[in-house]
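Survey of secondary and tertiary structure
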There are 2 protein chains.
Amino acid sequence: MRALSTEGLLDRFEAGDRTALSRTITLVENRSDGYAEILDKLFTKTGKAYRIGITGPPGAGKSTIVSSLVKTMRSRGVVVGVIAVDPTSPFTGGALLGDRIRMQEIGCDPGVFVRSMATRGSLGGLAEAAGDVADVMDAFGFDAVVTETVGVGQCELDIAQACYTTIVVIVPESGDGVQAMKAGLMEIGDLIVINKSDREGADRIAAEVRTMIEMRRSPEGPEDSIWRPQVLKTIASRGEGIAEVYAAVEEHRRFLSASGRLEQHRRLNVEGTIRSIVESELHRRAWNPESLGRLASLVVEVAEGRKTPRQASGEILAQAGTGPMRERG
Amino acid sequence: MRALSTEGLLDRFEAGDRTALSRTITLVENRSDGYAEILDKLFTKTGKAYRIGITGPPGAGKSTIVSSLVKTMRSRGVVVGVIAVDPTSPFTGGALLGDRIRMQEIGCDPGVFVRSMATRGSLGGLAEAAGDVADVMDAFGFDAVVTETVGVGQCELDIAQACYTTIVVIVPESGDGVQAMKAGLMEIGDLIVINKSDREGADRIAAEVRTMIEMRRSPEGPEDSIWRPQVLKTIASRGEGIAEVYAAVEEHRRFLSASGRLEQHRRLNVEGTIRSIVESELHRRAWNPESLGRLASLVVEVAEGRKTPRQASGEILAQAGTGPMRERG
């Protein structure tokens, strides 16, 4: 299993081998030896996949929308990678089996690749890892990467917002719209989808959301540089309204492209990647066997009140950052 | 408002001025100028407050338990700081008003100091900031710091687990126990509290939890080095069972103290503080106006495929980490 070298793996990856894709994602998600080198090699092949993020409260039907949206994209010949970010929250696990079955439905299509990511076990930041996995899928040649964040935390919102088009899904249940509004969800949504819109209150919440969007102070600038979030109604379980959602995604994409925002997104992505390599390299430099040994004795000195934490940190720093950048891989 | 110098603030802090405490916490929570120096100066005064963490699913009654537990502690003369970590999750804001009213009840007592912390607006990691605020309260002279995490994410679990005694609160609702178990909540709980235990199923869930704890493989080592999580039933809204919870906290504290684990906790706290100063200092070194300027042009080069992210990072790193540690404050 471990005999395959990085080069062998990347050769197979470039040949379009899905097993190699899967193993590469695992390497990257787990931050295994050599992952940074792999990401670096793949990076030049990225920038082609359109990135769509989907977020919203539990029970809003995000997975059903993803599944239905992916089918629509497939019918138009789009090859899609799907990342389901499941933070395995301690308290919301109930609906997952159903979600997984829905995902399996689309997962059988050779033009679709579905990958789940969990918080537990992923070292480092989940948002960063999710972005890296999207890069891997992008490099593999998918036309689009759809990232669904199942969770409700800031991290999941960050992931969704890092995508080019962010879809916020809510349901007509009382208060949902207001909650979403208060939480600033409307701020990050390029499209607001009212799912389960055959339920009572769908028209009211859609009107509320539209009003709130209109009431927002208009951004300055020429009209064609402003995107007004679209509000759409769906019944994802029956596929209703999903073609319209995809049409709105495409419209948003054209807007981003024409206004130069797509290029801006791409650059932010590049910047994030460079920053994260710098940070992790600094981390490696600071925490070597020597400094970790010194840390152990400094902890005792500080715990006994003989040094302050800052004096101790100064000693660690004095020996950090002077060595050359160590090669990995 | 801004005229008070750090020295003046700390003088008043040391004199027991609660307004100075409040302002110090704000400085630390917001990572304002000079916060690191303040934390460093206060650190030698820490290590006396006993730290209790409370976590559990939304609606389990954590705030009611905190409120009731604090009253019990007050009746025994314990001076208590309370930190309510509210991640202002987009989707769970409903119960907060009631929680705040309950908190106000105890907040009127001069032997209690309540502070809420939110994710939004706090720069850097919430877990780190919550630990720093606990340090400030510790240095101020509280006998105990109780940290309630309202959220359900990994970060909130980390905060609870960083305390000396962690209380996990669940309710008899069907499936709650199983969910908590699956999520590893049982692993972090030193006490498992079944709240609202007048509801149906309380005995069943208590029995289930006890069985699961017993079924866990016994850790190796002499009997007095092993803590078996206690399972307790409460009806916090009526104060029932809370004295027993506090007695169990005290028992756990004696266990930690006798087994040397308390000292171990303290050292982990010190280690975390040193590490975080080192990391943030490295961050400051790497990202100066010069390197940020260079970053902007490197982003273009990488986006255009003329460099890989790793090559770009190498250039940033080449100029980082060589300068002296800059003084703050």
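It should be noted that the structure appears before, not after, this text.
One structure accompanies this document, and this report is about it.

Reading guide: rules and limits
- Residues numbered from 1 in each chain as written.
- Chains lettered and ligands numbered in written order.
- Predicted model: local features only at pLDDT ≥ 70, side-chain atom pairs only at ≥ 80, totals over all residues.
- Axes fitted to C-alpha atoms, helices over the stretch in contact; angles between N-to-C directions.
- Helix = DSSP H or I, 4+ residues; strand = E, 2+ residues; numbered from the N terminus.
- Parallel < 35°, antiparallel > 145°, perpendicular 65-115°, else oblique.
- Left-handed = near helix turned anticlockwise from the far one by under 90°.
- Contact = placed C-beta atoms within 7 Å.
- Expected span 1.5 Å × (residues − 1).
- Buried ≥ 20, exposed ≤ 12 C-beta atoms within 10 Å, placed from the backbone.
- Arc of directions from axis to C-beta.
- Pairing = 2+ DSSP bridges.
- Nonpolar A, V, L, I, M, F, W, Y, C, P; charged D, E, K, R; others polar.

1. Concerning the packing of helix H2 (residues 18-29) of chain B against helix H6 (residues 126-140) of chain B
All names here are of chain B. Between H2 and H6, the shortest axis-to-axis distance is 9 Å and the interhelical angle comes to 155 degrees. Our classification of the angle between H2 and H6 gives roughly antiparallel. Pair H2 / H6 crosses with right-handed handedness. For the pair H2 and H6, the contacting residues are Leu21, Thr24, Ile25, Val28 and Glu29 in the first and Ala129, Asp132, Val133, Val136 and Phe140 in the second.

2. As for helix H10 (residues 202-215) of chain A
Residues and elements named next belong to chain A. If you check H10, its first and last C-alpha atoms are 20 Å apart, about what 14 residues at 1.5 Å a residue would give, namely 20 Å. Among all positions in H10, only Ile205, Ala206 and Val209 are buried. One side of H10 holds all its buried residues, which, seen down the axis, span an arc of 100 degrees. Residues of H10 that are exposed and angled more than 90 degrees away from the buried face: Asp203, Ala207, Thr211, Glu214 and Met215.

3. Describing helix H12 (residues 261-286) of chain B
With 26 residues, H12 of chain B should reach 38 Å at 1.5 Å per residue; the first-to-last C-alpha distance of 37 Å fits that figure. Turning to H12 of chain B, its buried residues number three or more, namely Asn269, Val270, Thr273, Ile274, Arg275, Ile277, Val278, Glu281, Leu282, Arg285 and Ala286 of chain B. Looking at the buried residues of H12 of chain B, the elements they touch are helix H12 (261-286), helix H13 (289-303) and helix H14 (309-318) of chain A together with helix H3 (35-43), helix H13 (289-303) and helix H14 (309-318) of chain B.

4. Details of the sheet that holds strand E2 (residues 80-86) of chain B
Residues and elements named next belong to chain B. Across the sheet, 7 strands lie side by side as E3-E2-E4-E1-E5-E6-E7; this open sheet has parallel pairing. Because the sheet does not close on itself, it has two edges, and the strands there are strand E3 (112-118) and strand E7 (230-233). Going from strand to strand, the sheet's axes swing by 20 degrees on average, the running direction of each strand aside. In terms of strand pairing, strand E6 (residues 191-194) meets E7 through 4 bridges, oriented parallel. The partner of Val193 across the bridge, within E7, is Leu232. Seen against the sheet, helix H10 (residues 202-215) touches E6 and E7 and runs at an angle of roughly 175 degrees to E7.

5. Here we look at unusual backbone geometry
The backbone of Arg31 of chain A sits at a positive phi, close to 55 degrees, despite the residue not being glycine. In this structure, Arg31 of chain A sits in the loop between helix H2 (18-29) and helix H3 (35-43).

6. A closer look at the sheet that holds strand E4 (residues 144-149) of chain A
All names here are of chain A. If you trace the 7 strands from one edge of the open sheet to the other, you get E3-E2-E4-E1-E5-E6-E7, paired in parallel fashion. Edge positions in the sheet fall to strand E3 (112-118) and strand E7 (230-233), since each of these pairs with one other strand and no more. Ignoring which end each strand starts from, the neighbouring axes of this sheet average 20 degrees apart. Contacts from helix H4 (residues 62-75) reach strand E1 (50-55), strand E2 (80-86), E3, E4, strand E5 (165-170) and strand E6 (191-194), with the element oriented near 170 degrees to E4. Here helix H6 (residues 126-140) sits on the sheet and contacts E1, E2, E3 and E4; the angle it forms with E2, its principal contact strand, is near 165 degrees.

7. Some details on the packing of helix H1 (residues 6-14) of chain B against H2 of chain B
All names here are of chain B. Two elements in contact, H1 and H2, have axes whose closest approach is 7 Å; the angle formed by their N-to-C orientations is 130 degrees. Of the possible angle classes, the one that applies to H1 and H2 is oblique. For the pair H1 and H2, the sense of crossing is left-handed. Packed against H1, whose contacting residues are Leu9, Arg12 and Phe13, the element H2 presents Ala20, Leu21, Arg23 and Thr24 at the interface. In the contact of H1 with H2, the residues fall into 4 nonpolar, 1 polar and 2 charged.

8. Structural notes on the pairing of strand E1 (residues 50-55) of chain B
Residues and elements named next belong to chain B. For E1, a buried count of 6 out of 6 residues is recorded, marking the element as mostly surrounded by other parts of the structure. Side-chain alternation along E1 places Tyr50, Ile52 and Ile54 on one buried face and Arg51, Gly53 and Thr55 on a second face that is also buried. As defined by bridge partners, E1 adjoins strand E5 (residues 165-170) across 4 bridges and the pair is classed as parallel. Residue pairing across strands places Ile52 opposite Thr165, the latter belonging to E5.

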